[in-house]
Amino acid sequence: MKDEVTREDRVANLKGMGCSRKRVEDARFTQGKGNYVDDIKLDGMLFGDFVRSPYAHARIKSIDTAAALEVPGVLAVLTAADLEPLGLHWMPTLAGDKQMVLADGKVLFQGQEVAFVVAEDRYAAADGIELVEVEYEELPVIVDPFESLKSDVVLREDLVGKNGALPDGAHGPRKHHNHIFTWEAGNKAPTEEVIANADVVAEESMYYHRTHPCPLETCGCVASMDKVNGKLTLWGTFQAPHAIRTVVSLISGIEEHNIRVISPDIGGGFGNKVGAYPGYVCSVVASIVTGKPVKWIEDRMDNLMTTAFARDYHMTGKISATKEGKITGLQCHVTADHGGFDACADPTKFPAGFMNICTGSYDIPTAYLEVDGVYTNKAPGGVSYRCSFRVTEAVYFIERMVEVLAIKLNMDAAELRRINFIKKEQFPYTAALGWEYDSGDYHTAWDKALKAVDYEGLRAEQAQRVEDFKAGKTRKLMGIGLSFFTEIVGAGPVKNCDILGLGMFDSCEIRIHPTGSAIARLGTISQGQGHATTFAQILASEIGLPADSITIEEGDTDTAPYGLGTYGSRSTPVAGAATAMAGRKIRAKAQMIAAYLLEVHDNDVEFDVDRFVVKGAPEKFKTMKEIAFAAYNQAIPSLEPGLEAVSYYDPPNMTYPFGAYVCVMDIDVDTGVPEIRRFYALDDCGTRINPMIIEGQVHGGLTEALAVALGQEIAYDDMGNVKTGTLMDFFLPTAWEVPNYETDFTVTPSPHHPIGAKGVGESPHVGGVPCFSNAVQDAFRPFGNTHTNMPHDHWRIWRTANELGLHD
Ligand code: PCD
Ligand SMILES: [Cu+]
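Residues numbered from 1 in each chain as written. Chains lettered and ligands numbered in written order. Predicted model: local features only at pLDDT ≥ 70, side-chain atom pairs only at ≥ 80, totals over all residues. Heavy atoms only, no water.

Let's talk about the coordination of the copper ion (ligand 2)
Using the following cut-off: A donor here means an N, O or S atom no more than 2.8 Å from the metal, or no more than 3.2 Å when the metal is Na, K or Ca. Since water is not included, a site may seem to lack partners. Under the DSSP-based scheme used, a helix requires at least four consecutive residues in state H or I and a strand at least two consecutive residues in state E, with every element numbered from the N terminus. Throughout this description, buried means an accessible area under 20% of the type-specific maximum (1.4 Å probe, protein chains only), exposed means over 50%, and partly exposed covers the range between.
Listed as protein donors to the copper ion (ligand 2) are C387 (SG) and E762 (OE); their distances from the metal cover 2.3 Å. With C387 in the loop between β17 (366-374) and α11 (391-409) and E762 in the loop between β32 (741-745) and α19 (763-780), this pair connects stretches of sequence that are 375 residues apart. E762 gets classed as buried once you look at its relative accessible area, which sits at 5%.

Below, the structure is given as structure tokens:
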């Protein structure tokens with residue numbers, strides 16, 4: 001006899017929310033069957049590549065392309081002079097600035113695009129590049145933003161009026177010719193007053209160094225202009241394909257319906273692929289000029305040296321408290337190094353992103369933040385790396401300030417956090433710098449974390465270690481790194497978040513096929529996160545069809561509904577919500593169909609897992625599969641045939657995931673080598689869609705956090721040369737450096753999200769960096785250390801030990 005199918009079986013069969021469904025995309029990724037931009041090969045396709053500036057700041061006196069054009073296979077060499085008649089020698093940036101597509105009279109950073117060589121293949125292009133003769137006149141180089149604000153050297157002549165007048169920038173008045181904007185949040189005078197009269201004030205200056213996400217796949221595109229039909233198709237590594245389509249239309253004048261932008265598989269994005277690069281514009285122009293498809297793919301050095309960097313924030317803070325440790329005020333000033341052009345990808349009203357989340361997880365009554373953006377001779381960008389909107393910087397700042405305050409108060413840093421956390425009953429909580437935190441339960445998470453690692457025990461062990469060190473019994477110190485973070489993800493309500501005037505909603509469109517399977521398309525685009533797996537799970541739970549019968553498609557602007565793309569952990573909070581809402585529309589229609597089929601009133605049926613059941617008569621039901629068929633097969637009075645829905649979702653607020661991290665580290669004082677003994681990470685991202693994917697996200701984010709905290713950096717010398725432009729010098733952690741992460745969670749749903757989910761992709765990075773850094777700093781705390789700057793590579797750790805006299 002066949003076992004009866006239980007309700008539990010039916011739930012399991014859906015593989016819906018909460019299930020660790022295996023990633024459906026991995027079958028192709030693990031078998032080398034992914035379809036990345038560089039896999040696209042079209043008939044007659046040409047290859048374009050850049051002549052790049054060896055200088056960080058120079059006047060361009062002449063460009064001679066004659067010899068390059070003689071190279072067999074080289075078809076064209078584009079310079080700014082060729083783009084100028086088309087109005088394409090400069091392009092708008094996402095931050096309201098403009099950027100040279102090809103060097104127009106001067107170059108502002110090493111690696112800047114000077115000319116675009118179009119050839120039959122990559123090798124001919126490379127030969128052509130060698131023969132383009134550019135005459136440069138070197139100009140004084142500025143790599144330090146503080147120097148920049150004092151210098152007579154004008155970096156952006158295009159932004160200075162004839163008589164030296166300084167027209168306003170995109171974000172208001174400018175103080176100096178190399179100044180971009182000042183952005184403020186909070187209340188200055190009251191904060192200064194609180195700090196001036198406080199029992200205790202801790203002050204610190206810190207530099208969050210410039211780094212780069214270094215995705216496995218570099219940036220690139222293939223442009224194909226079909227002149228007969230007037231259609232442009234652009235494949236590329238785009239994190240925001242629809243926005244790219246709109247931008248391409250606006251700057252090229254090609255009507256938007258004649259542009260098709262496709263993001264195929266993307267080998268990691270991490271924010272690097274949000275903005276628009278000169279390579280896109282040049283490929284499009286080259287395709288129009290030659291009438292052939294043109295591919296442009298960066299090499300690793302191009303990618304590291306010239307595409308969207310992250311961080312480069314010089315932060316100075318003051319934090320005040322009572323003698324008992326209750327925080328009373330916080331002040332922060334940032335000097336933000338934006339390089340040669342302001343190309344940050346923040347929502348328009350937020351030139352320093354969400355840096356104003358820098359009060360962190362603490363109930364701080366008054367605060368003030370001021371950010372000055374500055375031009376220097378470095379590459380532009382400033383969007384990227386597992387937090388598009390500067391939350392990494394904000395959390396690093398507050399999590400260091402709290403540690404520095406703990407030292408000043410001679411208090412335990414875990415206890416100091418505990419007494420200042422926003423309390424559960426205070427949510428929704430409006431922070432001093434303006435954000436409304438949707439939900440949180442920080443005390444529960446913190447207690448769980450400290451208990452899991454036996455915090456008291458660790459502190460006792462650390463004290464013993466200090467004794468042993470002083471007694472000459474060991475040369476290893478022990479650091480306990482703590483961090484508690486609150487993220488802000490899911491941009492964003494259209495009322496205050498837009499990019500280039502495009503409101504930051506997102507979308508999902510669903511079609512149910514007659515046999516009860518479905519396709520859903522979204523305005524976001526996976527770069528490895530596993531959207532094809534997880535969005536199908538949301539739908540499975542909402543519409544009662546198995547996730548395995550639902551295809552998720554993203555990234556083709558001809559088919560997907562308009563959306564703002566994937567970055568800032570916005571897919572779950574925004575497109576995930578749209579998916580649930582579209583699913584509910586499907587369910588509402590399915591209910592009417594079910595009622596018709598069961599010959600009862602609409603309100604007499606109710607949804608149960610995968611079917612509609614007559615209330616009080618569970619043996620009378622129609623499964624979603626049957627309903628789907630009926631939608632196409634029966635004429636139902638007053639209902640259109642078919643079963644489709646679309647939702648454009650404008651979230652009422654952002655979501656505020658949080659987490660509690662602890663890192664235990666042993667540091668060899670004589671070599672400066674840190675050894676991570678334990679890393680415990682508790683994440684709360686509200687309702688969890690796929691626990692296994694969440695765990696993968698946490699592992700990835702923590703590994704990138706380890707990289708940034710312990711060695712990864714884009715470093716410049718005084719001449720503006722990039723010293724870390726290859727993977728020989730740029731630290732990319734491998735399994736060798738990575739510890740065994742212990743992951744954990746609590747669940748505090750978002751009250752405004754239809755399924756209560758918050759983002760998680762960025763969180764481990766945001767919380768991880770301060771945790772690793774705090775572990776290093778904590779090891780040296782007993783010897784008088786208050787703060788040292790990242791990255792904590794072996795040399796810098798060794799130097800700290802040396803400066804503290806530990807080598808004597
Ligand atoms: N609650 C929850 C949440 C979430 N999830 C999952 O998880 C993931 C994620 O999500 P999110 O957080 O929402 O996010 P998205 O939007 O999707 O994504 C983005 C992110 O993501 C991350 N992760 C990753 N991974 C991979 N693999 N790759 C990549 O690239 C990446 N990137 C990075 C970044 S950096 Mo930016 O862009 O900087 O802003 S931001 C970012 C997906 O799958 C989802 O579904 C779940 O499950 N649950
Ligand atoms: Cu972010």
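Some thoughts on the domain arrangement of the chain
Our working rule: Those domain boundaries reflect an automatic or database domain assignment. In this description, buried area is defined as the sum, over both parts, of the accessible area (probe of 1.4 Å) that is lost when the two are combined. We define a salt bridge as a side-chain nitrogen of Lys or Arg found within 4 Å of a carboxyl oxygen belonging to Asp or Glu. Whenever a nitrogen or oxygen atom comes within 3.5 Å of another N or O atom, the pair is scored as a polar contact, on the condition that within protein one atom can donate a hydrogen and the other can accept it, and that pairs from neighbouring residues in sequence are kept only if both atoms are in side chains.
By domain assignment, the chain separates into domain 1 (7-34 + 506-649), domain 2 (37-139 + 218-266 + 273-306) and domain 3 (310-491 + 654-803). Of the roughly 1,800 Å² buried between domain 1 and domain 3, counting both surfaces, carbon and sulfur atoms make up 64%. Taken together, domain 1 and domain 3 are joined by zero salt bridges. At the junction of domain 1 with domain 3, the criterion picks out twelve residue pairs in polar contact (both at pLDDT 80 or more). Going through the elements one at a time, α15 (531-543) and α16 (571-598) are the ones with two or more residues in the side of domain 1 that touches domain 3. When residues of the side of domain 1 that touches domain 3 are assigned to their parent elements, the largest contribution, eight residues, is made by α16.

Some thoughts on the sheet that holds strand β11 (residues 220-226)
Put simply, the test is: Strand pairing follows a simple DSSP-based rule, namely that at least 2 bridges must link the two strands. Between N-to-C directions, angles span 0 to 180 degrees; the directions come from axes that are lines fitted to C-alpha atoms, helices contributing only their stretch in contact.
Taken together, the seven strands give an open sheet; going across it, the order is β3-β7-β1-β14-β11-β12-β13, and neighbouring strands pair in mixed fashion. The open sheet has two edge strands with one neighbour each: β3 (74-78) and β13 (259-262). Across the sheet, the axes of successive neighbouring strands diverge by a mean angle of 20°, strand direction being ignored. Where β11 and strand β12 (residues 231-236) come together, six bridges link them in antiparallel fashion. Directly across from S224, in β12, lies its bridge partner T233.

Regarding empty space enclosed by the protein
Spelled out, the test is: Lining residues are defined by having an atom within 4 Å of a point belonging to a cavity or pocket. Those points lie on a 1 Å grid over the protein atoms alone, cavities being sets where a 1.4 Å probe fits but cannot get out and pockets being open sets with protein on both sides within 12 Å along at least five of seven lines. Grid points are joined across faces, edges and corners, and a volume is the space filled by probe spheres set on the points. Here the term charged refers only to Asp, Glu, Lys and Arg, the term nonpolar to Ala, Val, Leu, Ile, Met, Phe, Trp, Tyr, Cys and Pro, and the term polar to all other amino acids, Gly among them.
Per the counting criterion, the structure on display carries five cavities of 30 Å³ or more. The space that makes up the largest cavity amounts to roughly 150 Å³. Considered class by class, the residues forming the lining of the largest cavity number eleven nonpolar, four polar and no charged. Residue-level mapping places the lining of the largest cavity at the junction of two domains, with at least three residues from each of domain 2 (37-139 + 218-266 + 273-306) and domain 3 (310-491 + 654-803). There is about 130 Å³ of room inside the second largest cavity. Taken together, 13 residues make up the lining of the second largest cavity; nearest its centre are V248, I251, Y280, V281 and V284. For the lining of the second largest cavity, the secondary structure elements donating two or more residues are β4 (90-92), α8 (241-252) and α9 (278-290). Counting residues per element, the lining of the second largest cavity draws most heavily on α8, which supplies five residues. For the lining of the second largest cavity, the residue count by class is twelve nonpolar, one polar and no charged.

Digging into the UniProt feature "domain: Aldehyde oxidase/xanthine dehydrogenase a/b hammerhead" (unreviewed entry) in the chain
We apply this condition: UniProt positions are given in the numbering used here, feature names are shortened, and annotations may be inferred rather than shown by experiment.
The residues that UniProt annotates with the feature "domain: Aldehyde oxidase/xanthine dehydrogenase a/b hammerhead" (unreviewed entry) are residues 31-140. From the first C-alpha to the last, residues 31-140 spans 51 Å; its make-up is 17% helix and 36% strand.

As for the site of ligand 1
Condition: Nearness of a residue to a molecule or strand requires only that one of the residue's heavy atoms be within 4 Å of it.
Taken together, 35 residues form the shell around ligand 1, and within it G269, S388, G568, T572 and Q697 come nearest. Here N690 contributes a backbone N or O atom positioned 3.0 Å from an oxygen atom of ligand 1. At the level of elements, α15, α16 and α18 (691-710) are the ones that each hand at least two residues to the shell around ligand 1. Of the residues belonging to the shell around ligand 1, the class tally is eleven nonpolar, 20 polar and four charged.

Describing the packing of α15 against α16
Operational definition: In this scheme the handedness of a crossing depends on how the near helix is turned from the far one: anticlockwise by less than a right angle means left-handed, clockwise means right-handed. Should any heavy atoms of two residues lie within 4.5 Å, those residues are counted as being in contact.
Remark: α15 packs on α16, axes separated minimally by 9 Å, with the N-to-C direction vectors making an angle of 35°. Viewed along their axes, α15 and α16 form a crossing whose handedness is right-handed. Residues H531, F535, I538, L539, S541, E542 and I543 of α15 lie in contact with α16, whose contacting residues are S571, A575, G576, T579, A580, G583, R584, I586 and R587. Taken together, the residues of the contact of α15 with α16 sort by class into seven nonpolar, six polar and three charged.

Re the sheet that holds β17
Strand order in the open sheet formed by five strands is β9-β17-β16-β15-β10, and the pairing between neighbours is mixed. Two strands in the sheet have a free side with no partner beyond their single neighbour: β9 (179-186) and β10 (200-211). Each neighbouring strand pair of the sheet contributes to a mean axis angle of 10°, computed without reference to strand direction. Alignment of strand β15 (residues 310-321) against strand β16 (residues 327-337), held across nine bridges, turns out to be antiparallel. Within the sheet, the bridge partner assigned to K318 lies in β16 and is Q331. Sitting on the sheet, helix α7 (residues 188-196) touches β9, β10, β15, β16 and β17, and the angle it makes with β16 is about 120°.

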